[in-house]
Amino acid sequence: FSFRRKQTTLLLPTPLWNDPRDSGLIGQTAELFCDAPLILTDKLANSVYLNAAAERLLGDRAEALVNRAACSLLGFGDSGGAPPGLTSALLGESGPWRQIVRPAGRDNASPVFCEASALTVAGRLVCGIIRFSSDGE
């Protein structure tokens, strides 16, 4: 059995993570989900990284979407509109949150399945993870 990794160039905001092991985990996560729409979030549940598939799904470039509240990217409005469980899942305070969403900026697009969870190490948040089931194309 052999596994051939797709060659990708990741533009991750590595200065957000002081520990190089955390940066390594972030890079591995981004590579693992490189073909699926992926958003990584920080300790405030704001987006810090979006891959190309997420850009296509949301209909905008990552630079325009970074630092937005995750709930707003999922079509729930500002941070006050987060559904129960979403923020706690992204902060590693609960199990995964799963729901069908209509991502922001794509009101005429078909709804997609979304899962929010967190990458933690020894109970410490590394990042929140939002994955979608469709590449939006």
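Look up: the structure comes first, before these words.
No experiment lies behind these values; they were computed from the predicted model shown.

Draft legend 1. Inspection of the sheet that holds strand 4 (residues 112–121) at higher detail. Read from one edge of the open sheet, five strands run 2-1-5-4-3, paired in antiparallel fashion. The open sheet terminates on both sides in strands that have one partner only, identified here as strand 2 (47–50) and strand 3 (97–101). When the angles between neighbouring strand axes are averaged without regard to direction, this sheet yields 25°. Alignment of strand 3 against strand 4, held across five bridges, turns out to be antiparallel. What sits directly across from Gln 99, in strand 4, is Cys 114.

Draft legend 2. Structural context of the pattern of salt bridges. Evaluation of the coordinates by the stated rule reveals five salt bridges. Between Glu 63 and Arg 61 there is a salt bridge whose closest N-O contact spans 3.2 Å. Owing to a relative accessible area of 57%, Glu 63 belongs among the exposed residues under this scheme. Exposure remark for Arg 61: the relative accessible area of 54% places this residue in the exposed category. Here Arg 98 ties to Glu 115 by a salt bridge, and the two come within 2.6 Å at their closest N and O atoms. In this pair, Arg 98 sits in strand 3 while Glu 115 sits in strand 4, placing the two residues 17 residues apart along the sequence. A single network of salt bridges, built from pairs that share partners, joins Arg 98, Glu 115 and Arg 131.

Rules of the game
- Residues numbered from 1 in each chain as written.
- Predicted model: local features only at pLDDT ≥ 70, side-chain atom pairs only at ≥ 80, totals over all residues.
- Heavy atoms only, no water.
- Pairing = 2+ DSSP bridges.
- Helix = DSSP H or I, 4+ residues; strand = E, 2+ residues; numbered from the N terminus.
- Axes fitted to C-alpha atoms, helices over the stretch in contact; angles between N-to-C directions.
- Salt bridge = Lys/Arg side-chain N within 4 Å of Asp/Glu carboxyl O.
- Buried < 20%, exposed > 50% of the residue type's maximum accessible area, 1.4 Å probe, protein only.

Geometric values such as these leave the question of function open.
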